Amino acid sequence: MKKILISFMLLVGMQHALAQEEIPKISISFTNVDVLDALQSIESKTDYRFYYLDAWLENIKVSGTYQDTQVSLILDDLFKNTVLNFYIAEDNKIFLLQNNQIYESLPEDFFGKKDAVADDGPSYDDIQDLGPLFVNAEDSGVSRGMQVVKIGKENRNNRKRTFTLNGKVTNARTGQPIPDLAIIVEGEDLGTSTNANGNYSLELPVGENIIRTQGLGIQDSRTKVILYNNGVYNFDLNESVEALDEVVVQGNLDRNVETAITGVTLIEVEKIKNIPLVLGERDILKAAITLPGITTAGEGAAGYNVRGGRTDQNLILLDNGVIYNPSHFFGIFSAINPFSTGSAEIYKGNIPAEFGGRLSSVFDITTKDGNTEKFSGEASIGPVTSNIVLETPIVKDKSALLVGGRATYSDWILKALDDEQLNNSTASFFDVVAKYNHTIDDKNEIKATGYFSRDEFSITSDSIFDYSNRLVSLKWDHKFSEKTTGSLIASNSEYRFGIEFDGESNDDFDLGYKNNETEIKLKMKYLHSDKHKFDFGLSSKLYVVDPGDIVPLGGDSEVTSLTIPQEKGLESAIFASDSYEVNDKLLIDIGLRYSFYAALGASSQRIYQENGPKNSGTMVETQDFDKNEVIETYGGPEARVSARYFLTPDFSIKASINNAYQYIHTLSSNTTVSPTDTWKLSDLNIKPQEAYQGSLGLYKNFGGNTFELSLEGYYKKQTNLLDYKVGAQLLLNEAIETEVIQGDGKAYGVEFLIKKNEGKLNGWLGYTYSRSFVKLDSPFAEERVNNGEFFPSNFDKPHDISLVANYKFTRRFSASANFVYQTGRPVTFPIGSFSFNNSEFVFYSDRNKFRIPDYYRLDLSFNMEGNHKIKKFAHSFWSFSIYNVLGRNNPYSVFFVTEDGDIKAYQSSIFAIPVPTITYNFKF
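**Some details on the overall build of the chain**
Broken down by element type, the chain carries nine helices and 57 strands. Taking all 924 residues of the chain together, 51% fall into the buried category. In the chain, of all internal contacts separated by at least 6 residues, the share reaching a separation of at least 24 is 65%. Counting every atom, the chain has about 42000 Å² of accessible surface; 54% of that belongs to carbon and sulfur.

**Description of the packing of aromatic side chains**
Tallied over the full model, the rule gives 27 aromatic pairs. An angle of 85 degrees between the planes, with centres 4.9 Å apart, marks the rings of Y324 and W679 as edge-to-face. Separated by 355 residues along the polypeptide, Y324 in the loop between β19 (321-322) and β20 (327-328) and W679 in strand β41 (residues 678-681) bring together distant segments of the chain. Between the aromatic rings of Y526 and F534, the centroid separation amounts to 6.4 Å while the plane-to-plane angle is 15 degrees, which identifies the pairing as stacked.

**Some thoughts on the sheet that holds strand β6 (residues 147-151)**
Read across the open sheet, the five strands follow the order β6-β12-β11-β8-β9; overall the sheet is mixed. Each edge of the sheet is formed by a strand with only one pairing partner; in this case those strands are β6 and β9 (190-193). When strand polarity is set aside, the average angle formed by the axes of neighbouring strands in this sheet is 25 degrees. Note that strand β8 (residues 182-185) and strand β11 (residues 207-215) share four bridges and pair antiparallel. Following the sheet pairing, V185 is matched in β11 by I211.

**Description of the packing of helix α2 (residues 35-45) against helix α3 (residues 71-78)**
It is at 12 Å that the axes of α2 and α3 come closest, and there the two elements cross at 175 degrees. Taken together, α2 and α3 sit at an angle that is classed as roughly antiparallel. Across from A38, L39 and I42 in α2, the residues of α3 making contact are V71, I74, L75 and L78. Split into classes, the residues belonging to the contact of α2 with α3 amount to seven nonpolar, no polar and no charged.

**What to know about the side chain of T213**
Note on placement: T213 falls in strand β11. Judged by its relative accessible area of 1%, T213 is buried. Only 2.5 Å separates the side chain of T213 from the side chain of S221, close enough to count as a polar contact. Those residues in contact with T213, other than ones at most four positions away along the chain, are L181, A182, I183, Q219, D220, S221, F235 and L237.

**Re the environment of E494**
Looking at where E494 falls in the secondary structure, it is placed in strand β30 (residues 484-501). For the pair E494 and Y324, spaced 170 residues apart in sequence, the C-alpha separation works out to 8.0 Å. Not counting the four nearest positions on each side in its chain, E494 is found in contact with S468, N469, R470, K514, N515 and N516. A polar contact of 3.3 Å, which involves the side chain of E494, links it to the side chain of N516.

**Re the pairing of strand β47 (residues 799-808)**
Burial along β47 is one-sided: D800, S802, V804, N806 and K808 are buried, and none of H799, I801, L803, A805 and Y807, which face the opposite way, are. Here strand β45 (residues 761-775) runs beside β47; their pairing, made up of nine bridges, is antiparallel. By the bridge assignment for β47, Y767 is matched with I801. Where β47 meets strand β48 (residues 813-822), nine bridges bridge the pair, whose relative direction is antiparallel. By the bridge assignment for β48, S802 is matched with V820.

**A word on a nonpolar patch on the surface**
Side chains of W476, L488, I520, L522, L538, I574, Y594 and F596 sit close together on the surface and give an oily, nonpolar patch of about 760 Å² of accessible area. At the level of elements, β31 (509-527) and β35 (586-600) are the ones that each hand at least two residues to the nonpolar patch.

**Observations concerning the sheet that holds strand β5 (residues 93-98)**
Here we have three strands laid out as an open sheet, ordered β2-β5-β4, and mixed in their pairing. Sheet topology places β2 (49-51) and β4 (84-89) at the edges, where each strand pairs with a single neighbour. Direction aside, the axes of adjacent strands within the sheet are offset by 25 degrees on average. With three bridges connecting them, β2 and β5 associate as parallel partners. Note that in β5 the partner of F50 across the bridge is I94. Docked against the sheet, α3 engages β2, β4 and β5, running at close to 165 degrees with respect to β4.

**Here's the deal with the confidence of the model for the chain**
With 83% of its residues at a pLDDT of 70 or more, the chain shows a mean pLDDT of 82. Confidence over residues 1-21 falls short of pLDDT 50; this stretch has 27 contacts with residues more than four positions distant or in other chains.

**Observations concerning α2**
For an α-helix the count is 3.6 residues per turn, leaving residues at separations of three or four pointing the same way. For α2, the set of buried residues is V35, A38, L39 and I42. The buried residues of α2 occupy an angular sector of 100 degrees when the element is viewed end-on, so they sit on one face. For α2, the elements touching its buried residues are β1 (25-34), β2, β3 (61-70), α3 and β5.

**With respect to the pattern of salt bridges**
With the rule as written, the count across this model stands at 34 salt bridges. The shortest N-O distance in the salt bridge between E751 and R307 comes to 2.9 Å. Taken together, the residues E751 in strand β44 (residues 740-756) and R307 in the loop between β17 (305-306) and β18 (314-318) connect sequence positions 444 residues apart. Exposure remark for E751: the relative accessible area of 4% places this residue in the buried category. Put simply, R470 and E494 hold a salt bridge, and the shortest N to O gap is 3.5 Å. Of this pair, R470 sits in strand β29 (residues 463-479) while E494 sits in strand β30, and the two are 24 residues apart along the sequence. Judged by its relative accessible area of 14%, E494 is buried. Here the salt bridges share partners, and the residues they tie into one network are R307, K348, E712 and E751.

**Things to note about the side chain of K568**
By secondary structure assignment, the location of K568 is in strand β34 (residues 567-581). Buried and unpaired, K568 has no salt bridge, with D546 as the nearest side chain of opposite charge at 10 Å. One polar contact links K568 to N628, side chain to side chain, over a distance of 2.5 Å. In this structure K568 touches Y543, V544, Y597, A598, A599, L600, G601, N628 and L681, once residues within four positions along its chain are discounted.

**Some details on the pairing of β9**
Sheet analysis places β8 next to β9, joined by four bridges and oriented antiparallel. When the bridges of β9 are listed, I183 appears paired with T192. Between the antiparallel neighbours β8 and β9 lie four residues, among them G187 with a positive phi of about 80 degrees.

**Things to note about unusual backbone geometry**
It is generally the case that most residues other than glycine have a negative phi and that most peptide bonds are trans. That bond from G601 to A602 is cis: its omega, 10 degrees, falls within 30 degrees of zero. Residue position: A602 is located in the loop between β35 and β36 (603-608). Notably, N320 is not glycine yet its phi reads approximately 75 degrees, a positive angle. If you trace the backbone, N320 turns up in the loop between β18 and β19. Although it is not a glycine, N786 adopts a positive phi angle of roughly 50 degrees. Mapped onto the elements of the fold, N786 is located in the loop between β45 and β46 (791-792). Note on N786: relative accessible area 15%, which makes it buried.

About the cut-offs
Residues numbered from 1 in each chain as written. Predicted model: local features only at pLDDT ≥ 70, side-chain atom pairs only at ≥ 80, totals over all residues. Heavy atoms only, no water. Helix = DSSP H or I, 4+ residues; strand = E, 2+ residues; numbered from the N terminus. Buried < 20%, exposed > 50% of the residue type's maximum accessible area, 1.4 Å probe, protein only. Contact = heavy atoms within 4.5 Å. Areas by Shrake-Rupley, 256 points an atom, 1.4 Å probe, with all protein chains shown as cover. Phe/Tyr/Trp six-rings, centres within 6.5 Å; stacked < 30°, edge-to-face > 60°. Pairing = 2+ DSSP bridges. Axes fitted to C-alpha atoms, helices over the stretch in contact; angles between N-to-C directions. Parallel < 35°, antiparallel > 145°, perpendicular 65-115°, else oblique. Nonpolar A, V, L, I, M, F, W, Y, C, P; charged D, E, K, R; others polar. Polar contact = N/O pair within 3.5 Å; in protein donor to acceptor, adjacent residues only side chain to side chain. Patch = residues over 30% accessible without salt bridge, like charges linked within 9 Å, V, L, I, M, F, W, Y side chains within 5 Å. Salt bridge = Lys/Arg side-chain N within 4 Å of Asp/Glu carboxyl O. pLDDT = per-residue confidence, 0-100. Arc of directions from axis to C-beta. Lys, Arg positive; Asp, Glu negative; His and termini not counted.

Right, here's the structure in full:
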């Protein structure tokens, strides 16, 4: 074969030299005609005859006017925007070629060049474009069964030796992007992986490359790419038959060791379906609290405490829109639909520079894209809730709509709770979500999300409480070049709550509260090189808070109408970061964010004496500000620096340090977060919160990535934390600054996690030792708590142990267990009483001096999947679980009642008995 090829090329070269001696010139004109018609016109004016495959010329239009021009120059112009080349041979024959060219002479190093010609000759794919001249050539089988892709066309004048190939990898069945997929070039030290949107970019040598893809739950593929210019190739890959078995135990291998950012956790919904959670509800946020460093103040408490931080210090995002109250049903369920959710990235250490406005953490939750290929869905039926999510293509392979809804029929469960008040209560909730994703072309993609949730409950017969979350977000992703991409994001979020009181007295009322924020954000990514990856952008967020209003309910009500003036604030920021690979062992992620906040009018701000406490007696004047007039400004730089160093290929050490500002605060006098907590913007009298955090950790994978091990410690210092004075009235208080005080905080801890990813037994064990303290000190007694010394915060729970285990009997049957132990949280107890003016008064201990009993709970479940046949309408999943198997009467709170002159303590529990659940899920 090698001799035949060389002889042919030498013969062609001699013939071509003779053919070039005299090339005729013609005059001809075309206006948007098929290239086939143009070639036939040239044939009619000359003795030339063209040889080609019809498929090469489909859908090619050409235009041009030529006067006394050589045919070769006309063809150069006609084919300049196509992948076609041509070769003029003897006897006036012109051969068209797709992508490649025929050379008249061999390069000097042809015979010595590695892999220039295979030992058994060129493959049929290499030479088939020469048509009839090679139809009898032997097929070597090199490319048999492999897809061949040709990009660009060969240009003998182009001296570049490498070109950039980029594109997107999607699931052929669902149309959704495939993140973290390995893309490897065989025979070369080249490779990359797809990002969260499934995009990739590779710098490849010119000519032939064999590209292999590998990913969890995705069939491996091999593709021959013949590259002559920069280009785009999108992979549509099929799922692996073993996907249902493997997805539970593997994913993002080595991610924990390789990344530079500390304290980051990725949770995927598919991986938590076997964890036994309360009432059988798959819940991505409840799964998060089984991990080290994330906890709640108690069972049934809304909100999350991350590394000793308050609940208001967490930024919870759903497709870039903020959710202020991510809970349903007294905090028992999260407000995020599990079937519509793809994953949640939780940052609790070094938060990336693009995020701001919160001190402790970011919960970046992403809704999955709708299926662009076919109609599909998932649903569940449980004892308390039912859930359904449907996905339908709008334009096949380009756009899709996802719609999901969840509702409860939960009143019956309240009757079984060990609380007399809750026994006589009612509660209901629902949430809906919709997402539209549209791929416009290879460079543009848009995604739009809408979300609404509402809770309504009645603790007593005369009061109805309700609260709701609403958000809309729009994201436009644009690819500027092979190395530069950008996203423009716009979002609006709103949180409301209301209380309707209709009792037997004449004080019936209707109370309302609203918090609204709008954000515009531009973020860019620039892949400068293998060593530098830059992220940068800017954002601006407008807060509008309506602190509340109350109106009389009914004509007989004696309540006086009151409206607290609206608050406004504008928070803007510019940010940039660089992921810098110093060498094979050291990776540094350095970021800088500069945030700027302005409190805006219209507003009336009270001015107090400089050397006195803030109360009605020390107020000296009121200063009025017009609409959108700047009242006060705050801001400063926020550094985000982290580094990873490989001690061995599967063992790394990481360190980070960062600081952040927070310009919005919650106002609450409750021990745990409540739906009626209000938010307060920083202004003339209330400063923004600020925190500094440092962390250091060791990360190790062993057993072929079967086990993950991490040990991370942190220290956090906080200033200007907002707390309340004893006996404070926070709701509907126009002079709120007289009821609160600002102090310092500190938190520190150690987090340990060991995780088993493979085998019949898999799961994780997490342990956290953490402390969280607050210091409220002032020269004035009314603004000083516990003598101005540090005391435990409401959520200080030193020891926290979580064990999650899943054992697979077969591919279809498994059993799971979840065990939790936590130190009891601090509380303030009455320690005595005294009489004054013939009245009995209670004397309380220092704040948070005592603790409620420790908390522990064991949950068990048995899980049964339907058969794994590929061709069936729906795949089912049954879960039989028992929550709180031991029947532990874990205290939710402790309260005190005076009866017959005696002070009696009562303990309130949420689930004091085992709660069995059967849940049926099916996916189609």
